[in-house]
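# Structural overview
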Amino acid sequence: MEKLEDAITEAIPLHVYFFEDGENHWILALNEQQACDYYEKEYNPDFAEEMDGYDVHQVTEEELDSTKIDDEGEMISLRELVGRLTDRSIPQVIASSIY
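Before going into details, it helps to say that this report is about the structure given with it. (Residues numbered from 1 in each chain as written. Predicted model: local features only at pLDDT ≥ 70, side-chain atom pairs only at ≥ 80, totals over all residues. Heavy atoms only, no water.)

## Here we look at the overall build of the chain
Quick reminder of the rule: Counting from the N terminus, the helices are the DSSP runs of H or I reaching at least four residues and the strands are the DSSP runs of E reaching at least two. Think of it in three bands: residues with accessible area under 20% of the maximum for their type are buried, residues over 50% are exposed, and the middle band is partly exposed, with areas taken using a 1.4 Å probe on protein chains only. Only heavy atoms matter for contacts: two residues are in contact if any of them lie within 4.5 Å across the pair. Using the Shrake-Rupley algorithm and a 1.4 Å probe, accessible areas are obtained, with residue cover drawn only from the displayed protein chains.
What the chain contains, in helices and strands, is 5 helices and 8 strands. Secondary structure elements of the chain occur, N-terminal to C-terminal, as β-α-β-β-α-α-β-α-β-β-α-β-β. Split into buried and exposed, the 99 residues of the chain put 34% on the buried side. Long-range contacts, defined here as pairs at least 24 residues apart, represent 52% of the contacts in the chain between residues at least 6 apart. When the accessible surface of the chain is summed, it comes to about 6,200 Å², and 46% of that surface belongs to carbon and sulfur atoms.

What follows is the structure in structure tokens.
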């Protein structure tokens, strides 16, 4: 697991990936493979038998601003949500429809 500060300090690009498996999950990661590995570790073990698979795509710059997430009663963009992160580990789930 990487540190968010290291990515910022070294100007390593971070990306948000959207996963849809009947629920919606947004994961912050260095690349798609890292996001998929993290997703499969965090979500697949519990639902592997019921799941037919999942769809994943990198969130575009436009989607970072246009996709709104409820953050304790306040609707904020994914970009704002990333800016508010207190957990500094990479990868991580930044939002999910299951919690």
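## Things to note about unusual backbone geometry
A cis amide bond, omega 0°, links I90 with the succeeding residue P91. Within the secondary structure, P91 is located in the loop between β7 (89-90) and β8 (92-96). Positive phi outside glycine occurs at E72, with the angle close to 55°. Inspection of the secondary structure assignment puts E72 in the loop between β5 (68-71) and β6 (74-77).

## A short note on the packing of aromatic side chains
Geometry of an aromatic ring pair is reported as the spacing of the ring centres plus the angle between the planes. What counts is decided by this rule: By convention, a stacked pair of Phe, Tyr or Trp rings (six-membered ring in the case of Trp) has centres within 6.5 Å and planes under 30 degrees apart, an edge-to-face pair has planes over 60 apart, and any other such pair is tilted.
Throughout the structure, instances matching the rule amount to 4 aromatic pairs. The interplanar angle of 45° and the centroid separation of 5.6 Å between the aromatic rings of F19 and Y54 together place this pair among those described as tilted. Pair noted here: F19 is in strand β2 (residues 15-20) and Y54 is in the loop between α3 (44-47) and β4 (55-58), with a separation of 35 residues, a long-range link. Classification of F19 as buried rests on a relative accessible area of 0%. Taken together through their ring pairs, the aromatic side chains of F19, Y39 and Y54 make up a single cluster.

## With respect to helix α2 (residues 32-42)
Filter applied, for reference: Two N or O atoms form a polar contact when they lie within 3.5 Å of each other; inside protein one atom must be a possible hydrogen donor and the other a possible acceptor, and for residues adjacent in sequence the pair counts only when both atoms belong to side chains.
Residues of α2 that are buried: Q34, A35, C36, Y38 and Y39. In this structure N31 caps α2, since a side-chain oxygen of it lies 3.2 Å from the backbone nitrogen of Q33.

## So, the sheet that holds strand β3 (residues 24-29)
Heads up, the rule is: Any two strands with at least two DSSP bridges between them are considered paired. Geometry is summarised by axes, namely lines fitted to C-alpha atoms with helices restricted to the contacting stretch, and by angles between N-to-C directions that run from 0 to 180 degrees.
Pairing is antiparallel in the open sheet, where 4 strands are placed in the order β4-β2-β3-β8. Of all strands in the sheet, those with a lone pairing partner are β4 and β8, marking the two edges. Ignoring strand direction, the axes of neighbouring strands in this sheet form an average angle of 25°. Both β3 and β8 contribute to a ladder of 4 bridges, which runs antiparallel.

## Observations concerning the layout of surface pockets
Rule in force here: Any residue with an atom within 4 Å of a point lines the site, the site being either a cavity, points on a 1 Å grid over the protein atoms alone where a 1.4 Å probe fits but cannot get out, or a pocket, an open set with protein on both sides within 12 Å along at least 5 of 7 lines. Grid points are joined across faces, edges and corners, and a volume is the space filled by probe spheres set on the points.
Here the second largest pocket defines a volume of roughly 230 Å³. Lining of the second largest pocket is provided by 11 residues; of these, L14, H15, V16, L28 and L64 occupy positions nearest its centre. Mapped by element, the contributors of at least two residues to the lining of the second largest pocket are β2, α4 (61-66) and α5 (78-83).

## Focus on the environment of L30
Tracing the chain through its elements places L30 in the loop between β3 and α2. Separated by 15 residues in the primary sequence, L30 and H15 have C-alpha atoms spaced 6.0 Å apart.

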